[in-house]
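The primary structure of each chain is shown beneath.
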Amino acid sequence: MSKGPTKKRCVMVMYDTLCRHFMPSYGNEWVKAPNFQRLAQRTVQFDNFYVGSMPCMPARREMHTGRYNFLHRSWGPLEPFDDSMPELLDQHGVHAHKVTDHHHYWEDGGATYHQRYTTFDLVRGQEGDKWVGDVEKLRDPSFGADRWPEIQRFAMLKQDMINREHMTRSELQPQHITFDLGLEFLARNKDADRWFLQIETFDPHEPFFSQAEFQRLYPHEYDGPPFDWPPYRELREDQQTVEHIRYLYASLVSFCDQQLGRVLDVFDEHDLWQDTLLLVNTDHGFLMGEHDWWAKVVTPFFQEVAHIPFWIHDPRAPECANSKSQALAQTIDLAPTILDYFDIATPQDMQGQRLLDALRGDNDNDDGKAMRKASLYGVMGGQVNVTDGRYVYMRGSATDDNGPLFEYTLMPTHMRSRFAPAELRDWQRSDGFAFTKDCKVMRIPTRTPKALISADTPMGRGRRSTLLFDVQADPGQLEPIMSTEIEARMIRLMLLEMARNECPSEQYERLGLPEPKRIAAGHDDAAIVMPSDAAIAAACVLATPEGSAAAANGGEGQPKMPFPAWAQGSAFPDNLRLLPEYQGPPKKA
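J.: Please set out the overall build of the chain residue by residue, giving values where relevant.
T.: The secondary structure content of the chain amounts to 18 helices and 19 strands. Against the globule reference of 25 Å for 589 residues, the chain gives a C-alpha radius of gyration of 23 Å, in line with a compact fold. If one aligns the C-alpha atoms of the chain with their principal axes, the spans along those axes are about 70 × 60 × 50 Å. The 589 residues of the chain split such that 62% are buried. In the chain, the proportion of contacts linking residues at least 24 apart, taken out of those at least 6 apart, comes to 74%. About 22400 Å² of surface is accessible on the chain, with carbon and sulfur atoms providing 50% of the total. Computed over 63 positive and 85 negative side-chain charges, the separation of the two mean positions in the chain equals 3 Å.

Take a look at the structure:
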């Protein structure tokens, strides 16, 4: 076994929306990504890596804090009481530098993240970033009228089109500039010790925009209107359009692959493999027509969204290169892993585990306990999901209004706005939780939009469904299983992880689950008294009529909804390509 590196540095390459099923090393046979294959040959590839809190900023909060947050908070900034991995590095003499084009960091709901680093670079222009000011085009109702109807109505979408006019070649796109800046940091500091570099790009998140050099890799037939930004809803488009989106996404993945290759070249040139921890990760995946859905979050958390790729090279275990780990791991494990590499103690509020033992093929930690029996994941107010690596259990809401539901925060902001006064009128003071470090917090009631809870909409049906899948036997999650015995076991795992996360009592009520009791601090099983077997059995729903109805639908994007009233005023191009059975709006005269 290696004696370990004499220096200690770390590079994290982070993508947004990097889909596992588009990765060659995970079995994809048509996406052109040789550098991701090259990466797999130098690292340990995790086959059971899952999301935690969704989507973008909740996942990044996990990366900082090493703990789930979706049971307490929706999209929001780091809280005053949060532990922050890069801030802890900085406090212990490790220079933490981030370079990113992920524009959510400079919006209301993400503005406290990048200041936790020692230094940082921000790159403008992704996904409607408020970057290039072009007054006339932004106001012109005809600008973008040739694009998909739902894309024409939003200022952010028009802003994205304006930004793209200044990205006429790949070198001018934010991703390329982000990697340029990351490589500049490496060149400047290749001989220095104790630093952490986070190269984070928003790609391959939608819109799936890349230059012709990458699109030519995937020739295909498509004669519809310009379309590279799938809406967040059920699928209404025909198969040609679905294939078109998949090819555009693959083109963007190939762009990502090119930039990854630049990092690997530097690792080879300077032999950074000897002393530099390398992590390549993402926050979540994306549905591109699978299960009759586009996108994420408004859908159930199918494997295409929740089961994500992850690769790691640890200089302390060079013998593990070009191998695979079956350990159950998650985003919450990243902070403890990086802190451990720099010999920094993990704060007590972090739930994640270091990954070094899993790299060596040992799924037990130093104390002999299994690294993880189950992974919990979801979005605030949505289904709560749990997996043990074989089964996935999705628990839908048991109440008609998806309540009670509260946000716990000292930072009341949404993605791109502050909480409105109407949202704050009924907030109450909460004593908080152990992880809030004796801080009292705001307990803010939240309401779920009707479209997300109605049994008459695909979003409502999907998110209210309780489903159980054997993802080893049925990786496509096409055949829900109805075993109440397995359901009871998965409920037990779910309750244990929820209790470990100090889940608020109202979440159990919302989900129709019995509440465990905490009798001690900490994350150990002994700190939690579980409900009785009878109480857990009473909470099983797969055998009920509602459970049968959910299984029959399977979480699929049904029924097909009409285009909303706000889109009816858009121009509907003559070449709009919809499903043959879908009765959309009339084409323009």
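J.: Report on the sheet that holds strand E15 (residues 428-430), specifying residues and quantitative values.
T.: Strand order in this open sheet of 3 strands is E14-E16-E15, and the pairing throughout is antiparallel. Unpaired on one side and paired on the other, strand E14 (406-409) and E15 mark the two borders of the sheet. Neighbour to neighbour, the strand axes of the sheet diverge by 35 degrees on average, direction disregarded. By the bridge criterion, 4 bridges tie E14 to strand E16 (residues 441-445) in an arrangement that is antiparallel. Note on E16: the bridge partner recorded for Tyr408 is Arg443.

J.: Any details on helix H10 (residues 334-341)? Residues and values, ideally.
T.: Counting buried positions along H10 gives 8 out of 8 residues, so the element sits mostly inside the fold. Of all the residues in H10, the buried ones are Leu334, Ala335, Pro336, Thr337, Ile338, Leu339, Asp340 and Tyr341. Two residues or fewer after H10 comes Asp343, characterised by a positive phi angle close to 60 degrees.

J.: Quick rundown of the pattern of salt bridges? Include the residues and the values.
T.: Inspection of the entire model under this criterion finds 45 salt bridges. Between Glu407 and Arg73 there is a salt bridge, with its nearest N and O atoms 3.2 Å apart. Here the residue Glu407 occupies a position in strand E14, and Arg73 occupies one in the loop between helix H2 (56-65) and helix H3 (85-91), the gap between them amounting to 334 residues. In this pair, the class of Glu407 matches that of Arg73, namely buried. Among the salt bridges present, the one from Asp470 reaches Arg390, with a minimum N-O distance of 2.9 Å. On the criterion of sequence distance, the pair formed by Asp470 in strand E17 (residues 467-470) and Arg390 in the loop between strand E12 (384-387) and strand E13 (391-395) is long-range, its members being 80 residues apart. Note on Arg390: relative accessible area 37%, which makes it partly exposed.

J.: Describe empty space enclosed by the protein, with residues and values.
T.: Applying the stated rule across the entire model yields 5 cavities of 30 Å³ or more. Estimated volume of the largest cavity: approximately 110 Å³. Taken together, 14 residues form the lining of the largest cavity, with Arg61, Asn69, His72, Phe81 and Phe435 sitting closest to its centre. In the lining of the largest cavity, the residues fall into 6 nonpolar, 4 polar and 4 charged. Estimated volume of the second largest cavity: approximately 90 Å³. In terms of lining residues, the second largest cavity is bounded by Gly125, Gln126, Glu127, Asp160, Arg164, Met167, Gln173, Pro174, Asp203, Pro207, Phe209 and Leu252. For the lining of the second largest cavity, the residue count by class is 5 nonpolar, 3 polar and 4 charged.

J.: Any details on the environment of Thr201? Residues and values, ideally.
T.: Within the secondary structure layout, Thr201 lies in the loop between strand E5 (195-200) and helix H7 (212-215). As a C-alpha pair, Thr201 and Phe179 span 22 residues in sequence and 8.2 Å in three-dimensional space. In terms of polar contacts, Thr201 uses its side chain to reach the side chain of Asp101, at 3.1 Å.

J.: Can you tell me about the sheet that holds E13, naming the residues and giving the values?
T.: Overall, antiparallel pairing links the 4 strands, which are arranged E11-E12-E13-E17 in an open sheet. Each of the sheet's edge strands pairs with one partner strand only, and the pair in question is strand E11 (375-378) and E17. Strand-to-strand twist across the sheet, computed as the mean angle between neighbouring axes with direction ignored, equals 15 degrees. In this structure, E12 lies alongside E13, joined through 4 bridges in antiparallel fashion. Looking at the pairing, Val384 lines up with Arg395 of E13. Against the sheet, helix H14 (residues 484-500) contacts E11, E12, E13 and E17, and its axis sits at roughly 70 degrees relative to E13.

J.: Tell me about the packing of helix H1 (residues 34-42) against helix H8 (residues 239-269), and name the residues and values.
T.: Where H1 meets H8, the closest approach of the two axes is 7 Å, and the angle between their N-to-C directions is 40 degrees. Taken together, H1 and H8 sit at an angle that is classed as oblique. Helix-helix and strand crossings are classified by hand; for H1 and H8 the assignment is left-handed. Contacts from Pro34, Asn35, Phe36, Arg38, Leu39 and Arg42 in H1 reach Val253, Cys256, Asp257, Gln258, Leu260, Gly261, Leu264, Asp265 and Asp268 in H8. Looking at the contact of H1 with H8 residue by residue, the classes come out as 7 nonpolar, 3 polar and 5 charged.

J.: Could you give an account of the side chain of Glu502, with specific residues and numbers?
T.: Its place among the elements puts Glu502 in the loop between H14 and helix H15 (505-511). Buried and unpaired, Glu502 has no salt bridge, with Arg67 as the nearest side chain of opposite charge at 4.2 Å. With near-sequence residues (within four places) excluded, Glu502 lies in contact with Arg67, His72, Phe433, Ala434, Phe435 and Arg518.

J.: Any chance you could break down the pairing of E11 for me, citing the residues and the numbers?
T.: Neither face of E11 is left uncovered, since the one carrying Ser375 and Tyr377 and the one carrying Leu376 and Gly378 both have all their residues buried. Where E11 and E12 come together, 4 bridges link them in antiparallel fashion. Within E12, the position partnered with Tyr377 by the bridge is Asn385. Connecting E11 to the antiparallel partner E12 that follows it, the hairpin turn spans 5 residues, and Gly381 within it adopts a positive phi of roughly 80 degrees.

J.: Let's hear about the confidence of the model for the chain: which residues, and what values?
T.: Residues at a pLDDT of 70 or more form 96% of the chain, whose mean pLDDT is 94. The lowest-confidence element of the chain is helix H18 (residues 565-568), averaging 69 in pLDDT; the highest-confidence one is E5, averaging 99.

J.: Can you break down H1 residue by residue, with the values?
T.: Restricting attention to buried positions, one finds in H1 the residues Asn35, Phe36, Leu39 and Ala40. Down the axis of H1, the buried set is contained in an arc of 150 degrees. They therefore lie on one face. Of the surrounding secondary structure, the elements contacted by the buried residues of H1 are strand E1 (9-15), strand E2 (44-50), H8, strand E6 (276-282) and strand E9 (311-313).

J.: How would you explain the state of the cysteines if you had to name every residue and give the values?
T.: The final tally for this structure, using the stated rule, is 0 disulfides. Cys19 provides the cysteine sulfur closest to Cys256, a residue in no disulfide bond, and the two sulfurs are 11 Å apart.

Analysis parameters
Residues numbered from 1 in each chain as written. Predicted model: local features only at pLDDT ≥ 70, side-chain atom pairs only at ≥ 80, totals over all residues. Heavy atoms only, no water. Helix = DSSP H or I, 4+ residues; strand = E, 2+ residues; numbered from the N terminus. Rg over C-alpha atoms; globule rule 2.2 N^0.38 Å. Buried < 20%, exposed > 50% of the residue type's maximum accessible area, 1.4 Å probe, protein only. Contact = heavy atoms within 4.5 Å. Areas by Shrake-Rupley, 256 points an atom, 1.4 Å probe, with all protein chains shown as cover. Lys, Arg positive; Asp, Glu negative; His and termini not counted. Charge placed at Lys NZ, Arg CZ, Asp CG, Glu CD. Pairing = 2+ DSSP bridges. Axes fitted to C-alpha atoms, helices over the stretch in contact; angles between N-to-C directions. Salt bridge = Lys/Arg side-chain N within 4 Å of Asp/Glu carboxyl O. 1 Å grid on protein atoms, 1.4 Å probe; cavity = no way out; pocket = protein on both sides within 12 Å on 5 of 7 lines; lining within 4 Å. Points joined across faces, edges and corners; volume = space filled by probe spheres on them. Nonpolar A, V, L, I, M, F, W, Y, C, P; charged D, E, K, R; others polar. Polar contact = N/O pair within 3.5 Å; in protein donor to acceptor, adjacent residues only side chain to side chain. Parallel < 35°, antiparallel > 145°, perpendicular 65-115°, else oblique. Left-handed = near helix turned anticlockwise from the far one by under 90°. pLDDT = per-residue confidence, 0-100. Arc of directions from axis to C-beta. Disulfide = S-S within 2.5 Å.

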